[in-house]
Amino acid sequence: MAAHLKKRVYEEFSKVVQVTHEEAPAKKLRLSKPSKSAALHVDLCKASSSTDALQYLLTFSRKPVEAESVEGVVRILLEHYYKETDSSVRLKIASLLGLLSKTPGFSPDCIVDDAINTLSSEKSHQVLAQLLDSLLVIGSQLPESPAVRLRLIEVAYKNLSDSSFGVRTKCLQLLGCLGLLEAPLGKDSDGPGPSLAMRDVQSIISDYFGDQDPRVRTAALKAMLQLHERGMKIHQIIYDQACRLLSDDYEQVRSAAVQMVWVLSQLYPESIVPIPSSNEEIRLVDDAFGKISHMVSDGSWMVRVQAAKTLGSMLQVSPHFLEQTLDKKLMSDLRRKRTAHERAKELFASGEFSSGRKWADDAPKEKLDTNTVNLIASGACGAFVHGLEDEMFEVRNAAVEALCQLARSSPSFAEKCLDFLVDMFNDEIEEVRLQSIHVLRQISTHITLREDQLDTVLAVLEDSSRDIREALHELLCFTNVSTKECIQLALLELLKNLNKYPTDRSSVWKCLKFLGSRHPTLVLPLVPELLSTHPYFDTPEPDMDDPAYIAVLVLVFNAATSCPTMPALFSDHTFRHYAYLRDSLSHLVPPLRLPGRKQVYGLDSVDCGSGSGSVESAQLFLQQSLNRVSTIQNLEAAGAPELLDLTIRDLQRLGELQTELAGAADFCATFLRCQLLLMKALQEKLWNISVPLILKQNITVTAAAQQVLDESYKLEFLYSGLENRQVATIHHVRLQAKALQLILAARTRHGLDSLISSCEKFLQDVESFQRLFLTELPHLQDSFVEKLLELLPRLSSCKPVEQVKILQTTLRQSGLLQLRLPEQIHRATATIIEPTGESDNPLRFTSGLVVALDIDATLEHVQDPQNSVKVQVLYPDGQSHVIHPKPADFRKPGPNRHRLITQVYLSHTAWTEPSQIEVRLLLAYSSSCSSRLGWTDAMDSLHPAEGTVEGTIPFSKHVKVFIMPKPARR
């Protein structure tokens, strides 16, 4: 009995202790950060000299400062500012004021008065300029405070009369950035200058267009341009002042004046301005165009570049002014001539007739001063001719670009400048030649090449640069020629190009495809000669492996699309070759209506089926498929796997039939495949099995979870055009896969420590998801994440084993998310053009050495290819090499399109016989919880190695290449 009582006493005692432990309040730690202002004060007090103080300030400027500490730090700095006698230390303090005012979360309105007060006692011009610069930063941080901005403008106006150019420059910059746009300044100043009453910012700034220092004149022009960028309309009276500055002695002033004249010509294009020393008047935009054209002959090449670029944007200029830029001689329509009445009146006023005693006394008197009667300055004549003949390639490049912009808006001007652009194909700089080809391509709709011009253009095909040749092929695709001799000449030169550079094969074929489709009537008389046919005799059948013969067929077949009489000229073997090329090169050979041969080749039925309404019907089918899947209630619904499997098959077939919807259909199919894998992994029969079969079941489910993870990374990084809601849905699927992996890790009964760390990391992932996609949570109703967030307090406090049970139950009961497609979604794809993988001749090289393999690939819808695209080489022995191409190996021929032309170096030990290697392209990614959205705050609590997942995704078909490393000779 005593033993029993003793046991009960111990039980009660232990129970009381446990309750007391549970009710004990948790201790909270308060972390206090050391005050930055106190530390700075201590450092400055320790400084024994100005050099030490400057060193402390330099060290302090490299450290971040919290927003709540900025005001205290500023007080300490200003206190030391008034005590300091060395101007270099005061200069550094002044720069720190501007730097601290840009601290995120800090409003600098509390330090404005103190910063302004420092100006009154400052004697150093450098420190004064730096203080004004800091005030400019402070004013830029307070855009909603007009009172502060008005005070800063008054401060700038007071200091405009300073003797230092640096101070005047900063004052003008402050006026340009902070000047009020609504009303003129209305307060008087106490300075020596005139009052600010009834004077606006523009009149104040324009007073300094004639300052003695060129840097101040430049600052005044830039301040006026800054006002224009902020939305203020510049007064037209400034035009005359800006025109006078075009002849300034300093190139910075002339450069800013060119920009100022251009701005005014766009604001007042139709205003009438007088010509100096004349009664004539012209439009302001024409006058500005003539003055800027004159600047193309400026002594500074930087001014010439800017003038040439500016001319390209003046699209409202009159046609006769535009055409004068292509002729160095002054045209008659730009020279003022006296009328017949004026000449008769002058003769009558003289009172004399020709007596014959003086030689040519009755000849027309046209000897007039060119500067007073010309509507355009004589130096502006032939501005583009001067620009295209300039010694600096930057000026030539700018002139070519300006010609392009003007020619695109004026077809008549495009025809006149054609000869000049064609001549630029012979420029010594490759960049200029390439730019000229691109420009001619852009204006090709307005021009037709003559035979002599085409001859000059085709001469570029012998250029050693691949970029030049391919750009010229692109130009010929969209160019119109005038005669059949031009077609014959183009074909001959392209075949020479194909023979000299076999790697240009696909580009030449594509060029001839468009050349034939654009000129069917010119190709028709050449068909017997091109196909070597004879009306009476049979000719030998050409070799179908000859790329030159395929090029001729591509030209002829594309011309036959719009010329129904052309197939009558074909021989029998030409029809057989057509059938072969239609299957092997369907992107180059179009479907033809061949009379009497439909049953043989079936050329009409398949290719002409896509109408305008097929895309709309395909989009409707895609949406209906998604709506049908959205009826699935949860991952354990009966019949759900069969419905998902059927929908995935339909979407895959839809992507094959409709290339416009291939990206969207593929994205939906991949997403539904992830849901199907989760369904199969969470089936009841897989989890209610005997212990000996758990290992086999774990292997199956683990593979499914890993596959879902891999597919989620493909969904996020292989597709472009995703919205925030789609990214949230992808992360939701990834979170489900991680939960499944955590459940499997608990079932394998690893160490308790590893299970605890896995649970903690999973909870961190859930919290990160909540922070990143807070705005998308209302769209995730009845989802796995929504239920997890409801149970998050319970999950954070319970043991790991109980967490796993809750996760398993929640995962199996979670609903299927409905996928909403964005307007445009595209899949990143890559096509390897070279090597083709068709050659049986091995690439031989000595073992231990390297051999270069040329890679030519086309990339579609790849974001940042310079950092994400890699080349993988797989050897037969299992070795894998990943090569990162150089940024210079990527070209961008069009929007959302890139071209990769690079070399991969191969090396291996000796082999006994040739074998194949596999080459393919990979898309590298670096994924974190915030990588897609560009947010980093969510990852502050995670270690970089834990928060980031890096990997690669194959996004091209592999190409097999025969190689043969030979043993080295001894």
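Because the structure is a prediction, the values reported are computed rather than measured.

> Run through the overall build of the protein chain, naming residues and quoting values.
Scanning the protein chain from terminus to terminus reveals 44 helices and 16 strands. Split into buried and exposed, the 970 residues of the protein chain put 46% on the buried side. For the protein chain, restricting intrachain contacts to residue pairs at least 6 apart in sequence, the fraction spanning at least 24 positions comes to 72%. As presented, the protein chain carries roughly 50,900 Å² of accessible surface, and 52% of it is formed by carbon and sulfur atoms.

> How would you sum up the sheet that holds strand 13 (residues 897-906)? Please name residues and give values.
With respect to topology, 4 strands assemble into an open sheet ordered 7-9-13-12, the strand pairing being antiparallel. For this open sheet the edge positions go to strand 7 (829-834) and strand 12 (890-894), each flanked by a neighbour on one side alone. When the angles between neighbouring strand axes are averaged without regard to direction, this sheet yields 30°. Relative to strand 13, strand 12 runs antiparallel, the two being bridged by 3 bridges. Bridged to Phe 890 within strand 13 is Leu 900.

> Which residues make up the packing of helix 26 (residues 484-500) against helix 27 (residues 505-518), and what values do they have?
Packing of helix 26 against helix 27 leaves a shortest axis separation of 10 Å and a crossing angle of 170°. Here helix 27 runs roughly antiparallel to helix 26, going by the angle between their axes. Contacts from Ile 487, Ala 490, Leu 491, Leu 494, Asn 497 and Leu 498 of helix 26 reach helix 27 at Arg 505, Val 508, Trp 509, Cys 511, Leu 512 and Leu 515. Class assignment of the residues belonging to the contact of helix 26 with helix 27 gives a composition of 10 nonpolar, 1 polar and 1 charged.

> Pulling in residues and values, what's your account of the nonpolar core?
Ranked by size, the top nonpolar core spans 172 residues in total, and within it Leu 135 and Ile 205 carry the most contacts. With 11 residues, the single largest contributor to this core is helix 30 (residues 547-560). Sequence-distant contacts of Leu 135, defined by excluding residues within four places in its chain, comprise Ala 115, Ile 116, Leu 119, Leu 152, Val 155 and Leu 174. Formed by 103 residues, the second largest nonpolar core is a distinct cluster that contains Ile 632, Ile 648, Ala 665 and Leu 795.

> Outline the environment of Ser 164, listing residues and values.
Locating Ser 164 in the fold gives a position in the loop between helix 8 (146-158) and helix 9 (165-178). Judged by relative accessible area, Ser 164 falls into the buried class, the value being 15%. In this structure, the C-alpha to C-alpha distance between Ser 164 and Gln 126, residues 38 residues apart in sequence, is 8.6 Å.

> Give a description of the side chain of Asp 504 that names residues and reports values.
Tracing the sequence through the fold places Asp 504 in the loop between helix 26 and helix 27. On the basis of relative accessible area, Asp 504 is assigned to the buried category, the value being 0%. At 3.2 Å, the side chain of Asp 504 and the side chain of Asn 497 are in polar contact.

> Account for the confidence of the model for the protein chain, with residues named and values stated.
Here the protein chain averages 79 in pLDDT, while 81% of its residues score no lower than 70. The least confident element of the protein chain, judged by mean pLDDT, is helix 32 (residues 598-601) at 43; the most confident is helix 13 (residues 251-267) at 94. A low-confidence stretch, residues 5-34 (pLDDT under 50), is modelled with 1 contact involving residues beyond four sequence positions or located in other chains. Note on residues 331-337: pLDDT is under 50 here. Beyond four places in sequence and across chains, it has 18 contacts.

> I'd like a rundown of the packing of aromatic side chains, residues and numbers included.
All chains considered together, the criterion is met by 9 aromatic pairs. Between the aromatic rings of Phe 557 and Tyr 578, the centroid separation amounts to 5.0 Å while the plane-to-plane angle is 80°, which identifies the pairing as edge-to-face. A residue pair is termed long-range when its members are at least 10 positions apart, and Phe 557 in helix 30 and Tyr 578 in helix 31 (residues 572-584) qualify at 21 residues. Directly above the aromatic system of Phe 165 lies the positively charged group of Arg 215, at a separation of 3.5 Å from the ring centroid. When the ring centre of Tyr 501 is taken as reference, the NZ or CZ atom of Arg 469 above it lies at 3.7 Å.

> Go over helix 15 (residues 301-312) with me, naming the residues and quoting the values.
Helix length check: helix 15 (12 residues) gives 17 Å between terminal C-alpha atoms against 16 Å at 1.5 Å per residue, within 8%. The buried fraction of helix 15 is high, at 9 of 12 residues. Val 303, Arg 304, Val 305, Gln 306, Ala 307, Ala 308, Thr 310, Leu 311 and Gly 312 are the residues of helix 15 that are buried. Close packing links the buried residues of helix 15 with helix 13, helix 14 (284-294), helix 19 (383-388) and helix 20 (393-409).

> Give me the lowdown on the environment of Ser 517, citing residues and values where you can.
On the secondary structure map, Ser 517 appears in helix 27. Assessed through its relative accessible area of 33%, Ser 517 is described here as partly exposed. For the pair Ser 517 and Leu 555, spaced 38 residues apart in sequence, the C-alpha to C-alpha distance is 7.7 Å. Contacts of Ser 517, omitting those with residues within four sequence positions, involve Asn 558 and Ala 559. A polar contact of 3.0 Å, which involves the side chain of Ser 517, links it to the backbone oxygen of Phe 514.

> Now, about the pattern of salt bridges: what can you tell me, with residues and values included?
This structure, assessed with the given rule, holds 36 salt bridges. Of the charged contacts in the structure, one is a salt bridge between Lys 170 and Asp 133, with a shortest N-O distance of 3.2 Å. Of the two residues, Lys 170 is situated in helix 9 and Asp 133 in helix 7 (residues 125-141); the sequence distance between them amounts to 37 residues. You can call Asp 133 partly exposed: its relative accessible area is 22%. Put simply, Arg 450 and Asp 419 hold a salt bridge, and the shortest N to O gap is 3.4 Å. Remark: Asp 419 occurs in helix 22 (residues 418-423) and Arg 450 occurs in the loop between strand 3 (448-449) and helix 24 (451-458); sequence separation between them is 31 residues. The partly exposed category is assigned to Arg 450, whose relative accessible area is 40%. The class for Asp 419 is partly exposed, based on a relative accessible area of 34%. Salt bridges sharing partners connect three or more residues here, namely Arg 466, Glu 470, Asp 856 and Arg 899.

> Can you tell me about the side chain of His 732, naming the residues and giving the values?
Inspection of the secondary structure puts His 732 in helix 38 (residues 724-747). What makes His 732 buried here is its relative accessible area of 1%. If near-sequence neighbours (up to four positions away) are discounted, His 732 is found in contact with Phe 769, Ser 783, Phe 784, Val 785 and Leu 817.

> So what's going on with the packing of helix 12 (residues 238-245) against helix 13? Which residues, and what values?
Where helix 12 contacts helix 13, the two axes come as close as 8 Å, and the packing angle between them is 145°. Judged by the twist between their axes, the crossing of helix 12 over helix 13 is left-handed. Packed against helix 12, whose contacting residues are Ile 238, Tyr 239, Ala 242, Cys 243 and Leu 245, the element helix 13 presents Val 253, Arg 254, Ala 257, Met 260, Val 261 and Leu 264 at the interface. For the contact of helix 12 with helix 13, the class distribution of residues is 10 nonpolar, no polar and 1 charged.

Criteria and cut-off values
- Residues numbered from 1 in each chain as written.
- Predicted model: local features only at pLDDT ≥ 70, side-chain atom pairs only at ≥ 80, totals over all residues.
- Heavy atoms only, no water.
- Helix = DSSP H or I, 4+ residues; strand = E, 2+ residues; numbered from the N terminus.
- Buried < 20%, exposed > 50% of the residue type's maximum accessible area, 1.4 Å probe, protein only.
- Contact = heavy atoms within 4.5 Å.
- Areas by Shrake-Rupley, 256 points an atom, 1.4 Å probe, with all protein chains shown as cover.
- Pairing = 2+ DSSP bridges.
- Axes fitted to C-alpha atoms, helices over the stretch in contact; angles between N-to-C directions.
- Parallel < 35°, antiparallel > 145°, perpendicular 65-115°, else oblique.
- Nonpolar A, V, L, I, M, F, W, Y, C, P; charged D, E, K, R; others polar.
- Core = buried A, V, L, I, M, F, W, Y, C linked by side-chain atoms within 4.5 Å.
- Polar contact = N/O pair within 3.5 Å; in protein donor to acceptor, adjacent residues only side chain to side chain.
- pLDDT = per-residue confidence, 0-100.
- Phe/Tyr/Trp six-rings, centres within 6.5 Å; stacked < 30°, edge-to-face > 60°.
- Lys NZ or Arg CZ within 6 Å of the ring centre and 35° of its normal.
- Expected span 1.5 Å × (residues − 1).
- Salt bridge = Lys/Arg side-chain N within 4 Å of Asp/Glu carboxyl O.
- Left-handed = near helix turned anticlockwise from the far one by under 90°.

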